[in-house]
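# Observations on chain architecture
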Amino acid sequence: MTCRRQKVLFIGGLGRSGSTLVERLLNELPTTFAVGETIHLWERGVRNGETCGCGAPFDDCAHWRAVGSAAFGGWDRVDADRLIELRWAVDRTRQLPAITLAHRRGQPGGDQRDYLDHLRRVLLAAAVVAGRPDVLLDSSKHLSTAALLALDDALDVRLLHLVRDPRGVAYSWTKHVARPETDGEVMPTYDPARTAARWVTDNLGFEALGRWVPTLRLRYEDVLTDPRAALAAIGRFVGIDVRGLDLGFIEGCSARLATPMHSVAGNPLRFGGDDVTLRLDDAWVTELGCGRRRLVTSLTAPLLVRYGYPIRPAVSGRRRPDRCGR
Ligand SMILES: [Zn+2]
């Protein structure tokens, strides 16, 4: 008897690096299925009943009801508060040393195993309900979640390490973005210096995780420049026959994303319309400000250069950086 491990493509990277758009593009492939950000499942989905990517409240979404039944006999049989506590106990940045130790000894510890048991049941049930896709997409982004999931023997975890110019990421985290699934909540904002520090530590962490997890690194900017080539590269990475891929939903710099999403949490883009423009938001070139731009550039410079980003931002026809030292 053969036992095929479920492939999981984990989309990792600092928030605002384009993961939701990449997830939506990949979700259009017939052999993939996006489960969203499972790190938030217990709190935002099971306990709070927030809106699924399909637009229905979590409790009313037929997909998630079926997943709850298949995994646990119904979500009401899950102690959401305990799972939320367990998640914070094992799946956060400060737990990375413990997760690293687990990788070195080749198996998860007690609480890690308990949490993974629940997460695995959700993922495998989602695969069954979705018609057994070749690849599940988990866009949790967090380094700790990727490292933890990779400890599970039943899952064949691959990492898509998504990188974006840190000045664009830093600018994005200064903007106020509404969370449409809530009643007036906005996403948090962060100081550019903090974002720059996280950009360095998270990206170095994902590079280190490559010791244990097969990794494909892509720059978000390159995905937008040639989305078909990016999807083909990802397809080859996860073992999808790229010659058979129908990428007709991408035309020029726009994509028609008609496949429903049942992502349980994530960027508001997951609720977006069918037609999406594939264009880089480079507003940071003029809007971030000289001081902040110099600060982020200097804090991230070695890795910035290694990932092929210019120290001085490129000047496009649309954007003219203000006159400062850059
Ligand atoms: Zn749904």
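Here the structure is a predicted model, which means the values were calculated and not measured.

## So, the overall build of the protein
Across its full length, the protein carries 13 helices and eight strands. Whereas a compact globule of 326 residues would reach a radius of gyration of roughly 20 Å, the protein reaches 20 Å, a difference of no more than 12%. In terms of overall dimensions, the protein has C-alpha extents of about 60 × 45 × 45 Å along its principal axes. Of all 326 residues assigned to the protein, the portion counted as buried reaches 53%. Sequence-distant contacts, at least 24 apart, represent 79% of the contacts inside the protein between residues at least 6 apart. Entry remark: accessible area of the protein is about 14700 Å², with carbon and sulfur atoms responsible for 49%. Treating the 46 positive side-chain charges of the protein as one cloud and the 39 negative ones as another, the clouds have centres 7 Å apart.

## Side note on the environment of W212
Counting through the fold element by element, W212 comes out in the loop between α9 (192–209) and β5 (215–219). Note: C-alpha distance between W212 and T100 (112 residues apart in sequence) is 9.8 Å. Apart from residues no more than four positions distant in its own chain, W212 is found in contact with T100, H103 and R104.

## A closer look at the coordination of the zinc ion
Coordination of the zinc ion by the protein involves C52 (SG), C54 (SG), C61 (SG) and H262 (ND1), with metal-donor separations of 2.1 to 2.3 Å. For the zinc ion, the four donor atoms in the first shell make angles of 97 to 118° at the metal, a pattern classed as tetrahedral. Here the donor residues for the zinc ion map to a single chain with the spacing C-x1-C-x6-C-x200-H. Highlighted residues: C52 in the loop between α2 (41–47) and α3 (62–72) and H262 in the loop between β7 (254–256) and β8 (275–277), separated in sequence by 210 residues. The buried category is assigned to C52, whose relative accessible area is 1%. Residue classification places H262 among the buried residues on the basis of a relative accessible area of 16%.

## Looking at empty space enclosed by the protein
To find leftover empty space, one rolls a probe the size of a water molecule over the atoms. Under the counting rule described, the total for this entry stands at one cavity of 30 Å³ or more. Taken as a whole, the largest cavity spans an internal volume of roughly 30 Å³. I39, H40, W42, E43, I84 and R87 together form the lining of the largest cavity. Contributions of two or more residues to the lining of the largest cavity are made by α2 and α4 (80–90).

## Side note on the nonpolar core
If you look at the biggest cluster of nonpolar residues, it comprises 45 residues, and the most contacted ones within it are L41, W42, W64, W75, Y115, V122 and L149. Setting aside residues no more than four positions away along its own chain, L149 makes contact with F10, L116, L119, L123, D138, L155 and V157. L9, A34, L245 and I250 belong to the second-largest nonpolar core, a separate cluster that totals 32 residues.

## Quick word on the sheet that holds β5
Strand order in this open sheet of five strands is β2-β3-β1-β4-β5, and the pairing throughout is parallel. Both edges of this open sheet fall to β2 (32–36) and β5, since each of them pairs with a single strand only. Looking at each pair of strands side by side, their axes are set apart by 25° on average, direction ignored. Where strand β4 (residues 155–163) and β5 come together, five bridges link them in parallel fashion. Residue pairing in the sheet places L159 in a bridge with T215 of β5. Sitting on the sheet, helix α1 (residues 19–27) touches β1 (6–12), β2, β3 (135–141) and β4, and the angle it makes with β2 is about 145°. Where α9 meets the sheet, it contacts β1, β3, β4 and β5, and its direction lies at approximately 145° from that of β4.

What counts and what doesn't
Position numbers for residues count from 1 along each chain, tracking the sequence in the order it is written. Side-chain atom pairs in this predicted model are given and counted only at pLDDT of 80 or more, local residue features only at pLDDT of at least 70, and totals for whole chains, interfaces and linings cover all residues. As a convention, hydrogens and water are excluded, and side-chain values are obtained from all of the structure's heavy atoms. Put simply, DSSP H or I for four residues or longer makes a helix, DSSP E for two residues or longer makes a strand, and each gets a number counted from the N terminus. Based on C-alpha atoms, the radius of gyration is set beside the globule rule, defined as 2.2 Å times the residue count to the power 0.38. A simple rule labels every residue: compare its accessible area, found with a 1.4 Å probe on the protein chains alone, to the largest value its type can have, and call it buried under 20%, exposed over 50%, or partly exposed in between. Any two residues whose heavy atoms approach within 4.5 Å are treated as being in contact. Accessible surface is estimated by sampling points in the Shrake-Rupley manner with a 1.4 Å probe; for residues, cover comes only from the protein chains shown. A residue counts as positive if it is Lys or Arg and as negative if it is Asp or Glu; His and the chain ends are not included. The atom standing in for a charge is NZ when the residue is Lys, CZ when it is Arg, CG when it is Asp and CD when it is Glu. Only nitrogen, oxygen and sulfur atoms count as donors, using a 2.8 Å cut-off from the metal that widens to 3.2 Å for Na, K and Ca. Water is left out, so coordination shells may look unfilled. Key to geometry: four donors with every angle between 85 and 135 degrees are tetrahedral; four donors are square planar and six octahedral where opposite donors lie over 155 degrees apart and all remaining angles lie between 65 and 115; all other sites are irregular. With a 1 Å grid laid over protein atoms only, a set of points is called a cavity when a 1.4 Å probe fits there but cannot get out and a pocket when it is open yet has protein on both sides within 12 Å along at least five of seven lines; lining residues have an atom within 4 Å of a point. Grid points are joined across faces, edges and corners, and a volume is the space filled by probe spheres set on the points. Take the buried Ala, Val, Leu, Ile, Met, Phe, Trp, Tyr and Cys residues and link them wherever side-chain atoms come within 4.5 Å; each set so joined is a nonpolar core. Only strands joined by at least two bridges in the DSSP assignment are considered to pair. Axis angles are defined between N-to-C directions and span 0 to 180 degrees, where every axis is a line fitted to C-alpha atoms and, for a helix, only to the segment in contact.

Treat this as a map of the structure, not an account of what it does.
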